[in-house]
Amino acid sequence: MEKREAGDGSGGGGESVSAPRLRLSGVLLSVCVLLGQLSPAPGAAAAVCPPGCICGSDVLSCTAMGEGLEEEVPAGMPPRTVMMDLGHNRIARLGPGAFSGLARLETLRLHRNRVAEIRPGAFLNASGAALRHLDLSSNRLRALEAHYFAELPGLEELLLFDNRIARVESHALAGLGRLRRAYLSHNRLTDFPFFSIREDGHPELTTLDLSSNRLLKLPIDDIVSLPLAVQSGLYLHNNSLLCDCSMYGLFRHWEERDYDTVKFFRHEHVCRVYGVQRGTVRFFQHARYFDNCSATGDLHMPDPQESDVVAYADRRVALHCVTGLRGRHVSFLWVTPNQEYVAPPGNNGSLRMFHNGTLVIAAVKHADGGVYWCMARDRAGRRNETSEVNVTVAAPQEGDVLEGFNTGFTTLLGCVTSLVLVLMYLYLTPCRCPPWRKVTAPPAVVTANAPAPGPAPGPAPGAGNDPAAGGGQSSILTPTPPATTEGPGRKVSTHKHVVFMEPIKEQQNGRLRLGPGAMGGHGGHGGHGGHPGPGLLLGAGHPAAKPPGQSQQRAGEADSVVSGFSDTAIMSP
């Protein structure tokens, strides 16, 4: 009995010892079966990496596969892929779920394919917010529709250049809140929805390349309303722009700000005169067409605005309504520190306001200081934003005052100098000449040898060089004939003037004595009258000027002779 019990006990003990071993072996077998099911079968790795592709740890490259990739994106991509390159193939469309299961995908390159269509949901269940770089350049896209990139909110760089895009829907880029760079050059765009680019919707956008398209006329108001970071990175060269002052003023403003978009492509900014293709000019090099435009082309560009502005008295200052709302549906209003409501175009000329929200104070006064409140209201989206600008009025700087004084003093000095010179010219001339009188021809001198009146004859032949010829050579001007020409009561004209050209040679008792030739022929040549002495022209009343045959009465009386030193007639006794 004891042995049997012992044997039973030993048998029970051995049975209890073998049970745990059986359970352990069962567990090990189950684990082996499970591991066998999870381990990939031979050739499974080749099925995950598409034939002809190069697969790395997180890189998949299937470039230039010829007929290997046609029409659509191949299935069975490795889910661990971070960078995928499918360039230089013949992919024509991106169907729904083409990149599903690629949750780690960050860079997708589809350049140089034939993609002409992107179906809704093409990027659904792909990487979503993880996809940052998308390259669709050199394809056959004709438009950008709103659903193309709706599933890619984390996209930072979008390459769409060298396509056939002629239309961009207004919400095509609306969902890309983290977009930084967008390249749409070398397409067929004739317009672009600039109003859809807003600071609140695209706060990180710094590059928008629209060069080498077919843009005809720029919506200046929408472009001016763009965030300054977008304006500084907006490329518009090599387009078909119409030449006008507003367009020219926009680019001139960017040039003054030294934007890279103008600095590095200065020679490629062109416009068409009157829209004619053959009239294309490089307006930065040949700006004569815009000579009649104002400095900014009647364009009012907003400047960066701080919340605190220092304005100098009697100077112009511009305040900008800095908000995130932009576009054609946004309106602005201002309220001044004096509780005055201001809306475009402004109030009474002292406050001028533009449609882009800029408020201009023509001449700042000390009463204009304070907090200016601005509101931007989006009528379409039923949203509004406000901003405040604190204006501090300061006295003009010393340099400004001195400069103004110098300019005014110089102008006044120039005016006074000009006036003095004019007065000196009019009243302080070196020689004050008497009033000019009209001079008539002297009366004719008739001699015996010249019966008809005529010009005064010259000296008689042979007498011109006679040293005995008496009398000074003079020239008598007779504006009016004498009152009477003969008789004792004849008068001598007081309008005669004499100018002696040389001293009188002979005098007697203070009277002039005629030279021998003065009365030539008197008592020596019969009835022939002689010519007066050289250099002495006698008036019509002299006896020598009487016609032949008329008796010469009062021969002792000489005609009145005008003194060379007085205008009073001297009668000979």
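What you are looking at is a predicted structure, and each value in this text was computed from that prediction instead of being measured.

S.K.: So what exactly am I meant to see when it comes to the overall build of the protein here?
M.R.: Along the backbone of the protein there are 7 helices and 32 strands. Classification of the 573 residues of the protein by burial places 35% in the buried group. Taking the contacts inside the protein whose residues are at least 6 apart along the sequence as the reference set, 62% of them involve residues at least 24 apart. When the accessible area of the protein is evaluated, it comes to approximately 33800 Å², of which 56% is carbon and sulfur surface.

S.K.: Help me understand the environment of Asn292 in this model?
M.R.: With respect to the helices and strands, the residue Asn292 is situated in the loop between β17 (280-282) and β18 (308-312). Given the relative accessible area of 81%, Asn292 is considered exposed. Here the alpha-carbon distance between Asn292 and Cys245, two residues 47 residues apart in the chain, equals 8.6 Å.

S.K.: So what exactly am I meant to see when it comes to unusual backbone geometry here?
M.R.: Note: most peptide bonds trans; most residues except glycine with negative phi. Here the residue pair Pro344 and Pro345 is connected by a cis peptide bond, since its omega of 5 degrees sits within 30 degrees of zero. Residue placement: Pro345 occurs in the loop between β21 (341-342) and β22 (346-347). One non-glycine residue, Arg112, adopts positive backbone phi at about 55 degrees. Along the chain, Arg112 turns up in the loop between β7 (107-109) and β8 (117-118).

S.K.: Looking at this structure, I do not really get the pattern of salt bridges. What am I missing?
M.R.: Between side chains of opposite charge, a pair can form when the charged atoms approach closely. Scanning the model with the defined rule gives 13 salt bridges in all. With its nearest N and O atoms 3.2 Å apart, the salt bridge here joins Arg180 to Glu204. Residue Arg180 is located in the loop between β12 (167-168) and β13 (181-183), and its partner Glu204 is located in the loop between β13 and β14 (207-209); the two are separated by 24 residues in the primary sequence. According to the relative accessible area criterion, Arg180 is partly exposed, its value standing at 36%.

S.K.: Quick question: what am I supposed to make of a nonpolar patch on the surface here?
M.R.: Where nonpolar side chains cluster on the molecular surface, the patch consists of Leu412, Val416, Leu419, Val420, Leu421, Val422, Leu423, Met424, Tyr425, Leu426, Tyr427 and Leu428 and spans about 1300 Å² of accessible area. As for its placement among the helices and strands, Tyr425 is situated in helix α7 (residues 398-427). In this structure Tyr425 comes out as exposed when scored by relative accessible area, which is 65%.

S.K.: What should I look at first to understand the side chain of Thr336 in this one?
M.R.: Inspection of the secondary structure assignment puts Thr336 in the loop between β20 (330-335) and β21. Residue class for Thr336 comes out buried when judged on its relative accessible area of 6%. When residues no more than four places from it in sequence are discounted, the contact partners of Thr336 are Val342, Leu351, Val371 and Tyr372.

S.K.: Teacher, can you tell me more about the sheet that holds strand β2 (residues 59-61) here?
M.R.: What holds strands together in a sheet is hydrogen bonding between their backbones, with the strands either parallel or antiparallel. Read across the open sheet, the 9 strands follow the order β1-β2-β4-β7-β9-β11-β13-β14-β15; overall the sheet is mixed. Edge positions in the open sheet fall to β1 (54-55) and β15 (234-235), since each of these has one partner strand only. Relative to β13, strand β11 (residues 157-159) is paired through 3 bridges, and the arrangement is parallel. When the sheet's bridge partners are listed, Glu157 is paired in β13 with Arg181.

S.K.: Is there a simple way to explain the sheet that holds strand β23 (residues 351-353) in this structure?
M.R.: If you walk across this open sheet you meet the 4 strands as β19-β24-β23-β22, and the pairing is antiparallel. Lying at the two open borders of the sheet, with one neighbouring strand each, are β19 (317-319) and β22. When β22 meets β23, the two strands line up antiparallel, connected through 2 bridges. When the bridges of β23 are listed, Asn347 appears paired with Leu351.

S.K.: I would appreciate a short explanation of the pairing of strand β25 (residues 370-378) in the present structure.
M.R.: Within a regular strand, side chains alternate between the sheet's two faces. Where β20 lies against β25, 6 bridges are found, and the strand directions are antiparallel. Directly across from Val330, in β25, lies its bridge partner Asp378. Taken together, the 9 bridges between β25 and strand β26 (residues 383-394) define a ladder with antiparallel strand orientation. In the sheet register, Arg377 faces β26, and the bridge partner there is Asn384.

S.K.: What should I look at first to understand the side chain of Asp85 in this one?
M.R.: Assignment of secondary structure puts Asp85 in strand β4 (residues 83-85). Of the buried charged residues, Asp85 lacks a salt bridge, with Arg109 as the closest side chain of opposite charge at 4.5 Å. A polar side-chain atom of Asp85 sits 3.1 Å from the main-chain amide nitrogen of Gly87. Sequence-distant contacts of Asp85, defined by excluding residues within four places in its chain, comprise Leu60, Ser61, Cys62, Thr63, Arg109 and His111.

Criteria and cut-off values
- Residues numbered from 1 in each chain as written.
- Predicted model: local features only at pLDDT ≥ 70, side-chain atom pairs only at ≥ 80, totals over all residues.
- Heavy atoms only, no water.
- Helix = DSSP H or I, 4+ residues; strand = E, 2+ residues; numbered from the N terminus.
- Buried < 20%, exposed > 50% of the residue type's maximum accessible area, 1.4 Å probe, protein only.
- Contact = heavy atoms within 4.5 Å.
- Areas by Shrake-Rupley, 256 points an atom, 1.4 Å probe, with all protein chains shown as cover.
- Salt bridge = Lys/Arg side-chain N within 4 Å of Asp/Glu carboxyl O.
- Patch = residues over 30% accessible without salt bridge, like charges linked within 9 Å, V, L, I, M, F, W, Y side chains within 5 Å.
- Pairing = 2+ DSSP bridges.
- Lys, Arg positive; Asp, Glu negative; His and termini not counted.
- Polar contact = N/O pair within 3.5 Å; in protein donor to acceptor, adjacent residues only side chain to side chain.

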